[in-house]
Structure formats: C-alpha cells, structure tokens
Number of protein chains: 2
Amino acid sequence: MDGSGLPAAMRRLVSELASLPGIGEKNAIRLAFHIIFKTSKDKALRLSQAVRLARDEICVCETCFHFSSGGKCSICDSAGRDFSTVCVIEQPLDLIAIEQSGGYKGVYHVLHGFISPIDGIGPEDLKLREFIKRLQSDSRIKEVILATSSRIESVATSNFIAEILKKRADKFGIKIYRISQGIPAGSDIEHLDQTTLRNAIADRKEI
Amino acid sequence: MDGSGLPAAMRRLVSELASLPGIGEKNAIRLAFHIIFKTSKDKALRLSQAVRLARDEICVCETCFHFSSGGKCSICDSAGRDFSTVCVIEQPLDLIAIEQSGGYKGVYHVLHGFISPIDGIGPEDLKLREFIKRLQSDSRIKEVILATSSRIESVATSNFIAEILKKRADKFGIKIYRISQGIPAGSDIEHLDQTTLRNAIADRKEI
C-alpha cells in the first residue's frame, strides 16, 4: 500500500504507525484516519506527548530490570513486598500478568529474553549476571521462583538458570522453585494437549 | 488490565494507545514497550511529531472530501485525471483501494459514511448535499459511478443516491453507473456464497 493520494503529513503518520509491531499498513491508515478525524486536537496532542515523554522518561529498574522512571521500580521501592522471594521472569509483560493474578507478594527479576542459540541470544544477553550479583549482595533473598513460559527455549533457559543456581543455592542459603506445570483453570481434561496432561500428572500433589 | 507496577509515563502512553480503535490494553502495553525500549529516541520523536502534525495539518478536500492538506486534494488538483467521471465512495480507505487497483483515472466524491437509521445516520449526515451541488456547478461531469460496498446499508445508500440522481440525470446530462457485482478474482465458483453467484449471473455480460 503506497498511500496514493494521501497528504504528506498523513503518509508520514501512516509510515510511523506501520513501523510498530503488529500494525500493518492498512491498519496504520485506519489508525491515522481515527487520529485525524475522530480525535479531538487535545487528545491527539496528549497521544503525541505521551509517546515523547514515555521514551524520554522511562528506563529499567536498577534492581529487577522492570520498567521504572528512574532508580528502583515501584515494586522494588515498595515497603509492602516480600523481599525474601524473587520471581524470575522473561519480560515485563509477564510481571504485569502475575501482578494481575493477585496471588504474589514477592519481588521480581526480569531477564529480558530467553536463551535462543538460533537467534544468537546467549546467557550473557540476559540480565542473568546481574541476578547472580543480586543474590550475592541481597541477603534477604531466601526463595527464587523460576517462572519462564512453556515454550521450548524458555524451559531450556529455566533449566540453565536452575543448574547455575543449584550450584550456589547452598552457599547463598536459598531454595529454588519452578512455577507449577499443570492444567489451566477452567479447561476440560479431554481437550488438553498431551504435554500439559503429562506434566499435570507428573507434578501431581497429594491431597 | 490496570498496568500494575508501571511508571506513570508508561501508564499514560498505554492508556492513550489503548483508546485507539482495535488496540486492546495488552496490545497497547506491547506497543508502549516497543516504543520505549526497541525504538531510538529520534524515531519515537518522529512518531510523536507525526501524530501532532497530521492532526494539525490535515483536513478534507473542499471538492471531493478526501484527505487533503488544505484546499483541493492531490487528486482533484491533478491535471492528469478525467474530471468527467466521478466515483462516489463511502470512505477515504475505499479511494486508496481503488487507486491501488490502478484501473481508474476519474475523480472521487467521498460520502463519509452510509445511511444507517439504526445508528441515527441519515442522508443529511453524508456529503450528499455537497455532491448534488457539485453536479450542479461542475459541467464537466458526465458519469457517476456508485461504488459503495456490498453490506446491506451500503447497497441501500447506493439505491437512495441512485434514485435522487436519476431524477436529475437528464437535467444534468449525466449517466449513472453502479460498480459491477460479480465473482471476485481468483475465486472458485463452488465456494462462492449464494448472493454473489446470483448477482454474477444476473449481471452477466455478453461476450
């Protein structure tokens, strides 16, 4: 789509929007149309400013590498969290999902990715060295929960970290956990895939 | 999704992005994440400026109501178009699609909607009065092609306009056409819906 007959300012907006992930050119034209004709000037200005401010102001937490507006993030800076438990996750979106589940009061460590040799991503590209340093320097930490997703590379990443941690676990006096594998809430046994069922049975819990 | 643990500047960007059509909160967080961490400062600034400039600079063409940066749009202002034929369409996105098809050299008139009593949209809400005025004032126009989409309301809108135009057609000395109904390119007869097939047979052409 070359945006024939569109004014330059609109072609420019379409091109910037279409460069965002998951937004095709057709969708970018729809969004641009909405911004230009269905949005008040005030609201369009707010969107414009929000983009600039967010890019200017936001960085990552110096402790856990979650989003932050400088220094520590709101979770690492909160008095109400349990600093003895650290949940290791792949990306900030996972943190948001866990926070919304409402059952976790510990803190986090965001790896910012997973090991993927095919993409040239090794352990040194994750915030793993920083995590080891954190374990060494923060004596409050007693539990680590590895909560990577269940894609193959993520499980491998989790295994890799578990191996490294286990070697140091006794020295640091920490316990290592993996987030539980099992059947998702509300699902029918008959419709579950084989791996999920196998994991759920292998990880069975006495009642 | 309440964006727990997100810095204010990011919550603000997420909220502005999520207010755009077709972008849910989860998607807005992904886009915000991309803008903040995967985009250079320069590029983020370009997006921010593109939003503001587009909203500030773009209006509709005084003749055809397509996007314009003031006065006439690039199509109405072009010497290379055939001003004797006007294609009547519902929205600017339709113009872009027709331009890309490459087979049309006439000009356009954008209605900006279709008649939909259930949504309280009547003929007076479309750029229809303006179209009648245009026909009266522009003696170059000899052909009108009604090219609304094939949803029921659009067909009804097209019928409504056809009725109005037919009454005036002789007076204006113009011919009225409807975009052809038939089988889409590359489709199997066996998989077509009944209405499309019925239309294609009813509109058959002698060869």
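This one's a predicted model, so the numbers in the text were calculated from it and none came from an experiment.

Peer 1: How should the relation of the copies chain B and chain A be read in this particular structure?
Peer 2: With an RMSD of 0.0 Å, the operation that places chain B on chain A is a rotation of 180° combined with a shift of 0.0 Å along the axis. What the rotation and shift describe, once combined, is the action of a two-fold rotation axis. The C-alpha atom lying nearest the rotation axis in chain B is that of Ser48(B); the distance is 2.1 Å. Taken as a fraction of all interface residues of chain B, those also at the interface in chain A reach 98%, which identifies the copy contact as same-surface.

Peer 1: Could you clarify how one ought to interpret helix 5 (residues 128-137) of chain B in this entry?
Peer 2: Residues lying three or four places apart along an α-helix face the same way, a consequence of the helix completing one turn every 3.6 residues. Residue and element names in this part refer to chain B. For helix 5, the full list of buried residues reads Leu 128, Phe 131, Ile 132, Arg 134 and Leu 135. The arc that holds every buried residue of helix 5, seen down its axis, measures 160°, which confines them to one face. Exposed and oriented more than 90 degrees from the buried face of helix 5 are Arg 129, Lys 133 and Ser 137. Elements in contact with the buried residues of helix 5: strand 3 (82-89), strand 4 (106-110), strand 5 (143-146) and helix 6 (152-172).

Peer 1: Please explain the interface of chain B and chain A as it appears in this structure.
Peer 2: A common measure of how large an interface is: the accessible area buried when the components associate. Contact with chain B, which involves 58 residues of that partner, is made by 57 residues of chain A. Taken together, both faces of the contact between chain B and chain A bury some 5300 Å²; the carbon and sulfur share is 71%. Between chain B and chain A we count six salt bridges in total. Note that Glu16(A) and Arg46(B) form a salt bridge whose closest N and O atoms lie 3.2 Å from each other. Between the two partners, chain B and chain A, sit 12 residue pairs in polar contact (both at pLDDT 80 or more). Those elements that place two or more of their residues in the side of chain B that touches chain A are helix 1 (8-18), helix 2 (25-37), helix 3 (41-57), strand 1 (59-60), strand 2 (67-68) and helix 4 (92-101) of chain B. With 16 residues, the single largest contributor to the side of chain B that touches chain A is helix 3 of chain B.

Peer 1: When you look at the domain arrangement of chain A in this model, what are you seeing that I'm missing?
Peer 2: Domain annotation for chain A reports domain 1 (8-57) and domain 2 (67-202). Placing the centre of domain 1 of chain A and that of domain 2 of chain A at their C-alpha centroids yields a distance of 35 Å.

Peer 1: Got a minute to help me understand the nonpolar core in this structure?
Peer 2: A general feature of soluble globular proteins is that nonpolar side chains tend to end up buried together. Counting residues in each nonpolar core, the largest one holds 48 residues, and the members touching the most others are Met10(A), Leu17(A), Met10(B) and Leu17(B). Residue assignment for this core shows that the elements contributing at least two residues are helix 1 (8-18), helix 2 (25-37), helix 3 (41-57) and helix 4 (92-101) of chain A together with helix 1, helix 2, helix 3 and helix 4 of chain B. Contact partners of Leu17(A), with chain neighbours within four places excluded, come to Ile23(A), Ala28(A), Leu31(A), Ala32(A), Ile35(A) and Leu47(B).

Peer 1: I tried to follow the pairing of strand 3 (residues 82-89) of chain A on my own but got confused; where do I start?
Peer 2: Within a regular strand, the side chains alternate between the two sheet faces. Residue and element names in this part refer to chain A. By the criterion of burial, strand 3 is predominantly enclosed, with six of the eight residues buried. Taken together, strand 3, helix 4 and strand 4 (residues 106-110) form a β-α-β motif whose crossover is right-handed. Sheet topology places strand 3 next to strand 5 (residues 143-146); four bridges connect them, and they run parallel. Across the sheet, residue Val 86 finds its bridge partner in strand 5, namely Val 144.

Peer 1: I tried to follow the side chain of Thr63(B) on my own but got confused; where do I start?
Peer 2: Within the secondary structure, Thr63(B) is located in the loop between strand 1 and strand 2. Looking at Thr63(B), its side chain comes within polar contact range of the side chain of Lys72(B), at 3.1 Å.

Peer 1: Explanation requested: the packing of helix 5 of chain B against helix 6 of chain B in the structure shown.
Peer 2: Helix-helix packing is described using two parameters, namely the angle between the two axes and the distance between the axes. All names here are of chain B. Between helix 5 and helix 6, the shortest axis-to-axis distance is 11 Å and the interhelical angle comes to 15°. Classified by the angle their axes make, helix 5 and helix 6 are roughly parallel. Crossing handedness for the pair helix 5 and helix 6: right-handed. In contact with Leu 128, Phe 131, Ile 132, Leu 135 and Gln 136 of helix 5, helix 6 contributes Phe 160, Ile 161, Ile 164, Leu 165, Arg 168 and Phe 172. Each residue belonging to the contact of helix 5 with helix 6 can be placed in one class, and the counts come to nine nonpolar, one polar and one charged.

Peer 1: What is the right way to look at empty space enclosed by the protein in this model?
Peer 2: Empty space among the atoms becomes visible once a probe the size of a water molecule is rolled across them. Applying the stated rule across the entire model yields three cavities of 30 Å³ or more. Sorting the residues of the lining of the largest cavity by element identifies helix 2 and helix 3 of chain A as the ones contributing at least two each. A per-element tally of the lining of the largest cavity places helix 3 of chain A first, with three residues. Considered class by class, the residues forming the lining of the largest cavity number four nonpolar, three polar and two charged. Residue lining of the second largest cavity: Leu17(A), Leu20(A), Leu47(A), Val51(A), Leu17(B), Leu20(B), Ile35(B), Leu47(B) and Val51(B), and that is the complete set. For the lining of the second largest cavity, the elements supplying multiple residues, two or more each, are helix 3 of chain A together with helix 3 of chain B. A breakdown of the residues in the lining of the second largest cavity according to their chemical character gives nine nonpolar, no polar and no charged.

Peer 1: Explain the pairing of strand 3 of chain B to me, please; I cannot follow it from the model alone.
Peer 2: Here five bridges tie strand 3 of chain B to strand 4 of chain B, and the two strands are oriented parallel to one another. Opposite Cys87(B), over in strand 4 of chain B, you have Tyr108(B) as the bridge partner.

Peer 1: Even after reading the chapter, I still don't get the environment of Leu93(B), so can you show me in this structure?
Peer 2: The topology assignment puts Leu93(B) in helix 4. Judged by its relative accessible area of 15%, Leu93(B) falls in the buried class. Considered as a pair, Leu93(B) and Leu17(B) are 76 residues apart in the sequence and their alpha carbons are 21 Å apart. The residues touching Leu93(B), leaving out its near neighbours within four places in the chain, are Ile29(A) and Arg30(A).

Each value, and the rule that gives it
- Residues numbered from 1 in each chain as written.
- Chains lettered and ligands numbered in written order.
- Predicted model: local features only at pLDDT ≥ 70, side-chain atom pairs only at ≥ 80, totals over all residues.
- Heavy atoms only, no water.
- Least-squares fit on C-alpha atoms with pLDDT ≥ 70 in both.
- Contact = heavy atoms within 4.5 Å.
- Buried < 20%, exposed > 50% of the residue type's maximum accessible area, 1.4 Å probe, protein only.
- Helix = DSSP H or I, 4+ residues; strand = E, 2+ residues; numbered from the N terminus.
- Arc of directions from axis to C-beta.
- Buried area = accessible area lost by both parts, 1.4 Å probe.
- Salt bridge = Lys/Arg side-chain N within 4 Å of Asp/Glu carboxyl O.
- Polar contact = N/O pair within 3.5 Å; in protein donor to acceptor, adjacent residues only side chain to side chain.
- Domains from an automatic or database assignment.
- Core = buried A, V, L, I, M, F, W, Y, C linked by side-chain atoms within 4.5 Å.
- Right-handed = clockwise from strand over helix to strand, strands pointing away.
- Pairing = 2+ DSSP bridges.
- Axes fitted to C-alpha atoms, helices over the stretch in contact; angles between N-to-C directions.
- Parallel < 35°, antiparallel > 145°, perpendicular 65-115°, else oblique.
- Left-handed = near helix turned anticlockwise from the far one by under 90°.
- Nonpolar A, V, L, I, M, F, W, Y, C, P; charged D, E, K, R; others polar.
- 1 Å grid on protein atoms, 1.4 Å probe; cavity = no way out; pocket = protein on both sides within 12 Å on 5 of 7 lines; lining within 4 Å.
- Points joined across faces, edges and corners; volume = space filled by probe spheres on them.

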